[in-house]
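One-letter residues, chain by chain:
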Amino acid sequence: MMLKNGFALVSCFFLLAFATGCASLVEVTAIEQFSKAIENEDMKSLKHHTTMKFSKVALRDKTSMDDLKILKIPTGETTIVEITDISENHKKVVAEVGKNKKKLLYELKRVTKTGEWVVDDIYINQKQKNLNVMKSVTEQMDLLLTVREFVAAWETGNRDDILSTTEGEFKESLEQLQPAFLAKLSQKVAGKSKSSKSRRPDAQLDTNIAIVRLPRNSGEMVISMKLKEGKWKATDVAVESRVDGQHIASAKKQAKMLLAVSNFLDAYNQNDKEKLKDFTADQFFRGSLDFADLKLAALPQSHDAAADYELRIENNLANFVTQNNGKMINLSLVKIESDEIDVPEKYLVEEVTLFQDQGNQQVTLTSLFSSRAITLVFSEALSKRDMKILDFSSTPDFSSRVWKRVEPQLVSQLPLDEITESGFEILDIQFNGAITKVSARQGNLPVTYILREHLGQLLVDDIELDLKGRPSSVKATLEMLVQVQNYAYYMHEQSIGKLQRHSSRDFNELVWRQVDQVPRTAFNIPEILMSKLASLEINENEGYSRIQLGTEQKGATVLFKKQQGQYVVDDIMIHSDTVASRYLSTKKELRMSMAANAGTLKQTAVQATYTISSQTVPESSTSSQPVSTPEIQPTAFEIPQQEP
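Residues numbered from 1 in each chain as written. Predicted model: local features only at pLDDT ≥ 70, side-chain atom pairs only at ≥ 80, totals over all residues. Heavy atoms only, no water.

### Regarding the sheet that holds strand β14 (residues 361–364)
Two pairing modes exist for strands in a sheet, parallel and antiparallel, and in both the strands are linked by backbone hydrogen bonds. Rules: When DSSP locates at least two bridges between a pair of strands, those strands are taken to pair. We count a stretch as a helix when DSSP gives it H or I for four or more residues in a row; a strand needs E for two or more, and each element gets its number in order from the N terminus. Note on geometry: axes are C-alpha line fits, over the in-contact stretch for helices, and angles between N-to-C directions span 0 to 180 degrees.
Pairing is antiparallel across the open sheet formed by five strands, whose spatial order is β10-β11-β12-β13-β14. A strand with exactly one partner marks an edge of an open sheet, and here the two such strands are β10 (309–314) and β14. Strand-to-strand twist across the sheet, computed as the mean angle between neighbouring axes with direction ignored, equals 25 degrees. Taken together, the four bridges between strand β13 (residues 346–356) and β14 define a ladder with antiparallel strand orientation. Of the residues in β14, the one forming a bridge with glutamine 356 is glutamine 361.

Here it is as structure tokens:
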């Protein structure tokens, strides 16, 4: 009886061992068949010993076997460590594989029709730079194959294929790009890659993001990818190149820049300023394009610009360089970042530069359009004597030397007749760096406006006018004439303090410091000083200037000296045919008047109630008469300031 029971016990032990061995044999067989197919690079056998899911994901391409090698899945002798039954047809098996006995986690599933156990997935522990992540072979294979599909799509340049491999902002920017721009960008990104067998991607994976580095002939491609709804999609791609001009820090950013260029060119060529405003930096639009006639400067159509371009990027700035009818054009872009986190950055065109004369001459659209506009505005302001516009549209030098010096009461009498005749027409514009010359015709008189860039704006710095007996510079001429007219006004207003500030030391010592009002003479000096300009001579080296006004019979020559960096009146020579010498010194006439009139030095100044006019007044050679002048509005007087 005991023998019988012992036999039964031994039998049960062997049956249990046999059952366990059979179970282990099933898993070992499935794993070793899978490993053998990888070793033999037998795609058909590999598909037979894996599930349909594994085949569709990990073996979907003929290059799949190359990528399996990249993963370095251990093969060889297999030892089962642990088996977990998930269900009747699903197991998880921990096994030690190969000579190094690396532990792998296999998911096995039984094929319903044949009852055979096959591999559904494998999990490998990935250790890379502080990362320790368990990733399945199907997930890694899906990533590697997606990378190859990404590269193939960009190499062929098929629009739909390219868009299908991208996601997020990257895809949105690419979708909006015109086909020509997308095709050109894809060529630059794809470049010349190594053969499919020799280019082995190096992938760093986290939970749902991956950075994949792929070798190229001149460097490598770096693809940023994201796992979304079970599929890997590219969110950006960079090209690190050892060849100058082929480096791409971010294809996503380049796509945004190209989109800005494309939209700008389309709106520009359609003359749609409402749309153009959306793609242009505010200062560029308001200071140039808003009021410009866009037909004056042709820019290429966007598809033509895409045919051959170079994009140079530095920090937040970029330059898009292309050709138009053999001439180079540069569109400068600036990155605008929003303070709001959810609002993405955007790029706007902040200037366009046209290169002419084989690149030796360059002009910006701001210069081109604003030079015409500012010249027209300035010419009109001259005609209207609009001091605010003249001051606003002039350089600080022009304004300080001329417009800011004009006494308000004399604005209407500014000597601008030659440059305010009707019929103003711009003939030509020449650009030379910060200087722009606008050739025009004022009536029948040729004039040249000199424009200079100041703080990003073109302003009128001078006008060149070729008239006999005077400098070609209107600025230099007006500077002297304004001083003459002001001097006449100060005499007229009895403004001894201002006369002192604008007279030479000699003139002050002999006259102005000894009187509290202008001595009376036989000549209407203020009116004579308002006579028409006959000639002007300026000698900077010697520090003097001479202005002739009126005629030899009735007029004056004003002599200026340079003191402390500015010209001041030293004397006024009166022209008169009523005296033997024909020329009288104002200093002497005033001194004689002071001597002849004992009360001159202490008389109370009489408030003037008249304006200076260029109308003629009869002269008397026999007696001194008070100066008669037309009427003006009363004005405030400044406190006289003694010259130091």
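### Overview of helix α9 (residues 251–269)
Inclusion rule: To estimate how far a helix should reach, multiply one less than its number of residues by 1.5 Å. The cut-offs for exposure are 20% and 50% of the maximum accessible area for each residue type, with area from a 1.4 Å probe on protein chains only; residues under the lower value are buried, those over the upper are exposed, and the others partly exposed.
With 19 residues, α9 extends 26 Å from end C-alpha to end C-alpha; this agrees with the ideal 27 Å at 1.5 Å per step. Among the 19 residues of α9, 15 are classified as buried, and the element is accordingly described as predominantly covered. Following α9 by one or two positions, asparagine 271 has its phi on the positive side, about 55 degrees.

### Side note on the sheet that holds strand β22 (residues 566–576)
The cut-off we apply is this: Throughout, a contact is declared for two residues whenever any of their heavy atoms are within 4.5 Å.
Within the open sheet, the five strands sit side by side as β19-β20-β21-β22-β23. Their pairing is antiparallel. A single partner strand is all that each edge strand has here, and the edge strands are β19 (533–539) and β23 (583–585). On average, each strand axis in the sheet is inclined to that of its neighbour by 20 degrees, with strand direction left out of account. Pairing geometry for β22 and β23, over three bridges, is antiparallel. Note that in β23 the partner of isoleucine 574 across the bridge is leucine 584. Against the sheet, helix α16 (residues 474–492) contacts β19, β20 (544–550), β21 (554–563) and β22, and its axis sits at roughly 115 degrees relative to β19.

### Looking at the nonpolar core
Put simply, the rule reads: Residues enter a nonpolar core if they are buried and are Ala, Val, Leu, Ile, Met, Phe, Trp, Tyr or Cys, with the set joined through side-chain atoms within 4.5 Å.
Among the nonpolar cores identified, the biggest contains 127 residues, and Tyr106, Phe264 and Leu365 are the most heavily contacted of them. Counting residues per element, this core draws most heavily on α9, at eleven residues. Among all residues touching leucine 365, those that are not within four sequence positions of it are Tyr268, Phe284, Ser288, Leu289, Ala297, Leu299, Glu351, Val352, Leu354 and Ser370. Counting residues in hydrophobic clusters, the runner-up holds 35 residues, among them Trp512, Met530, Ile547 and Leu590.

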